[in-house]
Amino acid sequence: RGAEPAPIKVGILQPVTGALAQDGEYGRLGAEMAIADINAAGGIKSLGGAKLEMVFGDARSTPEAGTQEVERMQEEGVVAIVGGFASPICLAGSQAAARYDLPYIVDVGVTDQIITRGLKNTFRFAPGFSLCTGAAIQNLVKINESAGKAAKTVALVHEDGLFGSGLAKLMATELPKHGFEILELIAVPTPSRDLSNVVLKLRSLRPDLIIPSTYYGETVLLARTMQQQRVRPKGVYSVLNGAASNHRFVKEFPEAAGNIMDCNHWFDPRNEKALAVQKRVEATGKPFNYNTPLNYSCIGLLADAIERAGAADRVKIIEALGTSTFSDHLMPYGPTKFENGQNMGAAPVSTQVQDGAIKVVFPEDFANAKPKFPANG
Amino acid sequence: MLEVRGLRAGYGAVEVLRGIDLSVGRGEIVAVLGANGVGKTTLNMALSGVLPATSGTITFDGVALGASASMAVDAGLVHVPEGRKIFPNMSVRENLELGSYRRGAKNRARNLENVFDTFPRLRERAVQAAGTLSGGEQQMLAIGRGMMAEPKLLILDEPSLGLSPLLVEEMFSLVRRLNADGLPIMLVEQNVVQSLEIAARAYIIENGTVTMSGTSVEISANPELKRAYLGL
Amino acid sequence: MLQVKNVTMRFGGLLAISDASLDVRQGSITGLIGPNGAGKTTLFAVIAGFLRPTQGQIALFDKDITGEEPHRRAASGIARTFQIVQPFAGLNVQENITVGAYLRHTKPADAVEKAREVARQVGLEKDLDKSASSLTVAGRKRLELARALATEPKILLLDEVLAGLNPSEIRDIIPVIRSIRDSGVTILMIEHVMQAVMNLCEHVYVLAQGKMIAEGTPAAVCNDQAVIEAYLGKGSAERLARQSQGENHA
Amino acid sequence: MFSPIIIIEAMINGLLTGAIYALVALGLTLVYGVLHIINFAHGATLAAAMFAVWGLNAGFGIDPYVAIVIVTPVFFALGYGLQRFVIGPAAHGDDGNILLITLGLSILIENALLASFGSDTRSIPSDFAFSVVEAGPFLLSSAKLVGAVGSLVVAILFWLLMTRTDTGKAIRAVAREKLGARLVGINVGHVYAVTFGLGCAALGVAACLLMPTFYVNPRIGGAFVNIAFTVVVLGGMGSVPGAVAGGLIIGVVESVSGLLLGESLGQIGIFIIFILVLLLRPTGLFGARV
Amino acid sequence: MMRGYFWIIVITLLIAATPLLTSSNTFFNFTVVVLIIALAAQGWNLLGGIGGQTSFGHAMFFGIGAYTASMLQTHLGVNAWIALIAAIAAGSLAGLIVGFLSFRAGLRGSYFALVTLAFAELLRVLANASEWTGGASGLLLKLEPSLANMQFSSRPTFMLLALAFVFISLVITQHIVNSRFGAHLVAVRENEDAAKALGVDVLTVKLKAISLSGAMTAAAGVLYVQYFLYIDAAIAFGIWISIEALLAPMVGGRGRVLGPLIGAFTLHGLGEITKSFAGRVPGIDLMVFAVVLIIVIAFASAGILGLLKKLSDRFAAKGGA
Ligand SMILES: Nc1ncnc2c1ncn2[C@@H]1O[C@H](COP(=O)(O)OP(=O)(O)OP(=O)(O)O)[C@@H](O)[C@H]1O
Ligand SMILES: Nc1ncnc2c1ncn2[C@@H]1O[C@H](COP(=O)(O)OP(=O)(O)OP(=O)(O)O)[C@@H](O)[C@H]1O
Ligand SMILES: [Mg+2]
Ligand SMILES: [Mg+2]
């Protein structure tokens, strides 16, 4: 037998301890599955079927630890790094990787600063902050219009961290242009112990639409308290929310979660491959949240670039990524097309919890259900 | 009553007690004398089980002691420490009640009355926080707390320290009164003259061992000791 | 040199000192006696600036210092010891004393030199490297004294430094205190050990329940009926009388 | 800006939440009062207790309120053992060391939870969580009412324990005078451990009362610990009535300032109170009694 | 007279020589982080270790340093070195203010610790909300390696810069320990009343200490942001930095000049080693870390340097006997 080609090391950076551990786990799972699938399918063909080998780094939910792991991965000879999840980790990690021209594929990190620094090595597969908000607003306007402009007044509830605040600010300037009236921006800390007051406020404001952009725990609290206090707006439309597209929430509190819409990263429910992956994940008893298909797809993107580069060479891989048109992913995106490191083909979708399941309701191309809006009518 | 043989103890590498032998008989007042820092307080700590002995035996009323402080209290050996060590954040009454934490809890109410009869000042101040008592009252409280445990032997470590001459006088007459009721007392004092006046016997400790013992009369007559301890 | 003028000190409802005055003559050893809880230590705290009196003034060399901070008073020459000793427990004896010496010496080497000198004076030279927390009660009292001396004070306030010493030790330390006075340091001392008070003090003040009830020579004060009643008790008064007679006969 | 009804409702909410804060702070204040140390592992222990409640529910279908009779003694024993066999021996009586050890324990516990339960946020699905009591114009969460009443009952029990029993007195005695305590026959190590156990037991109760309305993940303790510090300081470190008063006050302040300033900035209100209390009246409302 | 300087020089030279021995950027990156922590921790040590005023909120100074430096650079285009000086001054001033408020109020022990924690948290909430600090999105320094920007494309260069800072902090601390101010500081730690009686101006001594402490820790914050080029409220003012700053001297040897550096190396080294235990289950490594930490405390209660001293004393005693 001929010698096996040397494996190609791929760095997977995720926070699996600390504050972001939950998301990091889902991300790692997706990357692992993708690597296993690619290897099972014969590895990188242009390199004689070379296998991908995962080098995992725990970013421990801090940029320092992330950077240290990037350095370690670099020394272990990875050809690229995928992941990071949180913006601060992605910012620090991609910058460290940039010293070595080491390709860095950001999975989630939404801040636009990630791609405006002019780092040649950094690519973001998922939609960033401005793409997400743009799409969120567009989707919302369309959904609202097709319901005969049912909603006019809006209250924004957002976490006071990196993404929540920025998002709320942007929504507050954009939505009025589309005829919405912003009643209030309510910032909540993470973690929050009690959201009764937020709900009280909402009860007195009586908005048609509530837009929460908070992490999981707070969204659970918010939805539960709203149900308890009988606050029933016409719709709850969250953006990049931690719970409304989390299966655990839907399963544990079907009533509280019912009809909540979310504009977020999500997989394409019409994509056969995505559904197959979902089945495999769920068979292990784990929920299938977006981090998993997203990281799965990022690995696919990388493998495709290595394939086309025909070498485990960083510069060539970066080049190949830059010209990528990768479309064999699980996401509701078009073909990949990077502009200054941002995949312009990427977009979030709007989902809604219907009958105890998370359905894509917009855009229609990817939808597997119709939006139920106004929800409490 | 109390038999101590070859007791050694110290702090870390420093050995302070280097084989102490002494005994206290029933109904006796025994004075333990010695210069500053010879280890009198250390001896008391070892007797009451607060400081573990490195070797030697402590037998009290036929029981071997030394393993723990609660054991000594259980057996009825009660130590009123140097510096009073009352509970400053608690009331006088609570301080006294804790005196019977392990021993004498059954007769708590009766003993409390006894103590209050002995120290009427304490009855007046029963609800006052102990930390706000004057020095003399604190000393009474410390002794009273010791009495709450129905002691079979009372060890008093420098009970007259910092008291005014008048209170010192009162303190010594109290010790005599307690002893008159049959309570044996081991008295550690710098107030050598007055201690020898009320004690039956005395031990002199030097350099971690007992260098001399005898009746108070003998001791006070010894010219060398007069020079060394009485400053005469 | 030191004058306490009509000082009153209240703690909430409690009147600890009431309109007390005293006057310490330069170069003297002056005693302050009185029953437990009379307010002696409190008066020291007022003199040294640890407590601000409710009323009254403190003057040093005829200069009013009532409002001054303790460290300023230390700098102008008032040093005190604490009845409940306050060693720097984590430091050794030499380091303890050196802190005091730094008041007048900025250079480390000078301060250490001074510390050693003072240690010799009070008989702590063998213990320089011992940790302060391992000293006995008496050792700590000496340390208190040494530290205060190291600040090179003009007036030294000694709060029961003899308590806990046996008669012969007291006998040994009396000359030390005298020698301190002879070296030019005025001394105001609180003491319950009457033997020492009789021996050392030229003038004695008696404080009882916050009030100055008597002052005068030690012998005169000891014969004062009020003092005997409040403080000495009959027994000690007789004992003291016997002793002083004995001394006279000798 | 808001109708008085809303403000009153916010205050009631604050009282209900504040009662739970008081319960969480109770253990902290007790341990502080006796060991003179800020227990860094307090939050992690709360998280562990909440996982225990969650586990009993998920695994055996035990109602959180029923779980009180299991979780409380178990956490008492846990706390007792921790102090007796880990913190006590390892600290050698040095406060700085206790601090580090509790810090280490908090890392240990948090990551043990992470390793065994994963990082997911979990909650107990129950209808009771959504039930409300209508009182006039107010809708009050039943679970929170139960929580508040439960907390106050526990606080009263604690207070009785501390003032009426020999154990309580021994705890207070040890807090200020160890040698004196040993000389009356109190086993200081045992009392320390009992104190720590009681602190953990209080957390056990708190967990049972919290779980019907709250969620748990390995890091959840942090949400309550800062606030518990504030409560303890406000009430006076070491004071049981202080913890209750402090908890209720903080609950109301947080609630009302959250309503008026927004939840995030409302937190500033808490810190400012905290700093002002420390600067102006460091002994807190109830002084430094245990 | 070397009095303590010997080991400072030896250790500094040893670290400075590492670029001759290795070219591993993992190592340099690790060392940079350790040195930054050591510098922050030295600030803590001065106040908390030597001065006995335990702070739980040193993140406050770290964050003020980091934010001052980055705000001056991003908003006003100030040169990085000038920003550094301003940041150090800001840290020192913050120390004075917090110190003045709390020491005047007579806060000690746990009370002081908690008030510092509260200040740090307060700043965190404010930094998270303010426009100037970039709010929740934090501040990003432009990546432009040059000496003027205090950014270096080579890791060893930055390591040497950080080392220089640590060296200066060590020398300052050693100098203080040998001086009259140091003696006063220790006296204040041991017993304030006694110190007062001996003419120590307790408030001034504490204020000096906290302002120096704030300056050192602020410098660490500047290094952090110059290295990672990004700061947000959670990183800058979060509890974790406060804990790191306190943990390192506690483990290395509280109140000892080299304690923070040794502690930081030990803790982070331990962290790296335990990562190899990580395996599949997250958190295992940190559990191992915590257990080792507890064991270290149990057996080296005065920190590593304390343990070394005890061992050497015992050795000397045996040798002498
Ligand atoms: N905690 C301690 N650690 C180390 N050494 C100690 C400790 N306590 C006391 N010592 C030492 O033990 C010796 C005996 O002290 P102890 O207190 O027993 O003497 P004492 O006879 O009671 O003296 P005093 O008359 O002053 O009360 C002294 O040399 C003292 O320095
Ligand atoms: N800080 C304080 N707060 C309240 N009361 C105090 C305070 N300090 C002293 N006292 C009270 O003031 C009175 C005088 O106390 P002080 O210590 O001055 O007495 P003293 O004359 O030194 O007695 P002793 O001879 O026993 O040392 C006492 O009743 C004491 O309880
Ligand atoms: Mg003694
Ligand atoms: Mg006094």
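Residues numbered from 1 in each chain as written. Chains lettered and ligands numbered in written order. Predicted model: local features only at pLDDT ≥ 70, side-chain atom pairs only at ≥ 80, totals over all residues. Heavy atoms only, no water.

- As annotated in an unreviewed UniProt entry, chain D is Branched-chain amino acid transport system permease protein from Neorhizobium huautlense.
- Listed in UniProt under the heading Subcellular location (unreviewed entry), the comment for chain D reads: "Cell membrane". (UniProt positions renumbered as here; feature names shortened; annotations may be inferred.)

**Description of the sheet that holds strand S6 (residues 78-80) of chain C**
Residue and element names in this part refer to chain C.
Move 1: Taken in spatial order, the 6 strands line up as S6-S7-S8-S3-S9-S10 in an open sheet, and their pairing is mixed. Single-partner strands in this sheet number two, and they are S6 and strand S10 (211-216). Adjacent strand axes in the sheet meet at a mean angle of 20° when their direction is disregarded.
Move 2: As defined by bridge partners, strand S3 (residues 29-33) adjoins strand S8 (residues 186-190) across 4 bridges and the pair is classed as parallel. The partner of leucine 32 across the bridge, within S8, is isoleucine 190.
Move 3: Across the sheet, helix H1 (residues 40-47) lies against S3, S6, strand S7 (155-159), S8, strand S9 (203-208) and S10, angled at about 145° from S8, the strand it touches most.
Move 4: Sitting on the sheet, helix H6 (residues 167-182) is in contact with S3, S7 and S8, with an inclination near 145° to S8. (Pairing = 2+ DSSP bridges. Helix = DSSP H or I, 4+ residues; strand = E, 2+ residues; numbered from the N terminus. Axes fitted to C-alpha atoms, helices over the stretch in contact; angles between N-to-C directions. Contact = heavy atoms within 4.5 Å.)

**Examining the interface of chain E and chain D**
Move 1: Contacts between the two partners involve 37 residues from chain E and, on the opposite side, 37 residues from chain D.
Move 2: Of the roughly 3300 Å² buried where chain E meets chain D, counting both sides, 83% is carbon and sulfur surface.
Move 3: Connecting chain E to chain D are 0 salt bridges.
Move 4: The interface formed by chain E and chain D holds 0 residue pairs in polar contact (both at pLDDT 80 or more) in total.
Move 5: Contributing elements (two or more residues each) for the side of chain E that touches chain D: helix H4 (80-104), helix H5 (109-129), helix H11 (239-252) and helix H13 (284-299) of chain E. (Buried area = accessible area lost by both parts, 1.4 Å probe. Salt bridge = Lys/Arg side-chain N within 4 Å of Asp/Glu carboxyl O. Polar contact = N/O pair within 3.5 Å; in protein donor to acceptor, adjacent residues only side chain to side chain.)

**Overview of the coordination of the magnesium ion (ligand 3)**
Move 1: Coordination sphere of the magnesium ion (ligand 3), protein contribution only: Thr41 of chain B (OG1) and Glu82 of chain B (OE), at 1.8 to 2.4 Å. Of this pair, threonine 41 of chain B sits in helix H1 (residues 40-47) while glutamate 82 of chain B sits in the loop between strand S6 (77-80) and helix H3 (92-99); the two residues are 41 residues apart in sequence, bridging distant segments of the chain. (Donors = N, O, S within 2.8 Å, 3.2 Å for Na, K, Ca; no water.)

**Observations concerning the site of ligand 1**
Move 1: What surrounds ligand 1 is a group of 17 residues, the closest being Asn36, Lys40, Thr41 and Thr42 of chain B together with Ser134 of chain C.
Move 2: Of the chains in the model, those with residues near ligand 1 are chains B and C.
Move 3: Taking glycine 39 of chain B, its main chain carries an N or O atom lying 2.9 Å from an oxygen atom of ligand 1.
Move 4: Isolated, ligand 1 exposes 630 Å² of accessible area, and the fraction of that covered by the protein chains is 80%.
Move 5: Looking at the shell around ligand 1, the elements with two or more residues in it are H1 of chain B together with helix H5 (137-150) of chain C.
Move 6: Considering each element in turn, the shell around ligand 1 owes the most residues, 3 residues, to H1 of chain B.
Move 7: A class-by-class count of the residues in the shell around ligand 1 yields 6 nonpolar, 8 polar and 3 charged. (Near = heavy atom within 4 Å. Areas by Shrake-Rupley, 256 points an atom, 1.4 Å probe, with all protein chains shown as cover. Nonpolar A, V, L, I, M, F, W, Y, C, P; charged D, E, K, R; others polar.)

**Overview of empty space enclosed by the protein**
In this approach, a probe sized like a water molecule rolls over the atoms, and the result shows the empty space that is left.
Move 1: A complete count under the given rule lists 10 cavities of 30 Å³ or more for this structure.
Move 2: Of the volumes computed, that of the largest cavity is approximately 240 Å³.
Move 3: Around the largest cavity, the lining comprises 21 residues; the ones closest to its centre are Arg193, Asp194 and Leu221 of chain A together with Lys144 and Thr213 of chain D.
Move 4: Of all the secondary structure elements, the ones that give two or more residues to the lining of the largest cavity are helix H7 (216-228) of chain A together with helix H1 (4-35), helix H5 (142-164) and helix H8 (188-210) of chain D.
Move 5: In terms of residue class, the lining of the largest cavity is made up of 11 nonpolar, 6 polar and 4 charged. (1 Å grid on protein atoms, 1.4 Å probe; cavity = no way out; pocket = protein on both sides within 12 Å on 5 of 7 lines; lining within 4 Å. Points joined across faces, edges and corners; volume = space filled by probe spheres on them.)

**As for the pattern of salt bridges**
Move 1: Using the criterion set out here, one finds 47 salt bridges over all chains in the structure.
Move 2: Here arginine 124 of chain E makes a salt bridge to glutamate 121 of chain E, at a shortest N to O gap of 3.0 Å. Of this pair, arginine 124 of chain E and glutamate 121 of chain E both sit in helix H5, separated by 3 residues, roughly a single helical turn.
Move 3: Owing to a relative accessible area of 6%, glutamate 121 of chain E belongs among the buried residues under this scheme.
Move 4: Sharing partners across several salt bridges, the network here consists of Arg25, Arg181, Asp182 and Glu202 of chain C. (Buried < 20%, exposed > 50% of the residue type's maximum accessible area, 1.4 Å probe, protein only.)

**Structural notes on the interface of chain D and chain A**
Move 1: Opposite the 43 residues of chain D that make contact, chain A presents 37 residues.
Move 2: Counting the surface lost from both chain D and chain A, the interface buries some 3400 Å², and carbon and sulfur atoms represent 52% of this.
Move 3: The three residues of chain D that bury the most area against chain A are Phe130, Tyr215 and Glu263 of chain D, which together make up 19% of that side's buried surface.
Move 4: On the surface where chain D and chain A come into contact, there are 5 salt bridges.

**With respect to the nonpolar core**
Move 1: Counting 329 residues, the largest nonpolar core has Leu52, Leu202 and Ile299 of chain A as its most contacted members.
Move 2: Ignoring sequence-local partners within four residues, the contact set of leucine 202 of chain A consists of Ala155, Val157, Ile186, Pro207, Ile210, Leu222, Met226 and Val231 of chain A.
Move 3: Residues Ala148, Leu149, Ile170 and Cys201 of chain C belong to the second largest nonpolar core, which totals 55 residues. (Core = buried A, V, L, I, M, F, W, Y, C linked by side-chain atoms within 4.5 Å.)

**Notes on the arrangement of the chains**
Move 1: The two units chain A and chain B never meet; even their closest C-alpha atoms stay 36 Å apart.
Move 2: Nothing in chain B touches chain E, and the closest approach of their C-alpha atoms is 10 Å.

**What to know about the side chain of asparagine 44 of chain B**
Move 1: Structurally, asparagine 44 of chain B can be placed in helix H1.
Move 2: Here the side chain of asparagine 44 of chain B touches aspartate 157 of chain B through a polar contact of 3.1 Å, side chain to side chain.

**Thoughts on the side chain of threonine 31 of chain E**
All names here are of chain E.
Move 1: For threonine 31, the position within the fold is in helix H2 (residues 25-50).
Move 2: We classify threonine 31 as buried; its relative accessible area is 1%.
Move 3: Residue contacts for threonine 31: discarding those within four places in its chain leaves Ile15, Met159 and Phe265.

**Focus: the environment of valine 277 of chain A**
Residues and elements named next belong to chain A.
Move 1: Following the sequence through the fold, valine 277 ends up in helix H10 (residues 272-283).
Move 2: Relative accessible area serves as the criterion here: at 2%, valine 277 is assigned to the buried category.
Move 3: Each C-alpha atom, one on valine 277 and one on threonine 292, is 9.2 Å from the other, the two residues being 15 residues apart in sequence.
Move 4: Ignoring any residue separated from it by four or fewer positions in sequence, one finds valine 277 in contact with Met33, Phe288, Tyr296 and Leu330.

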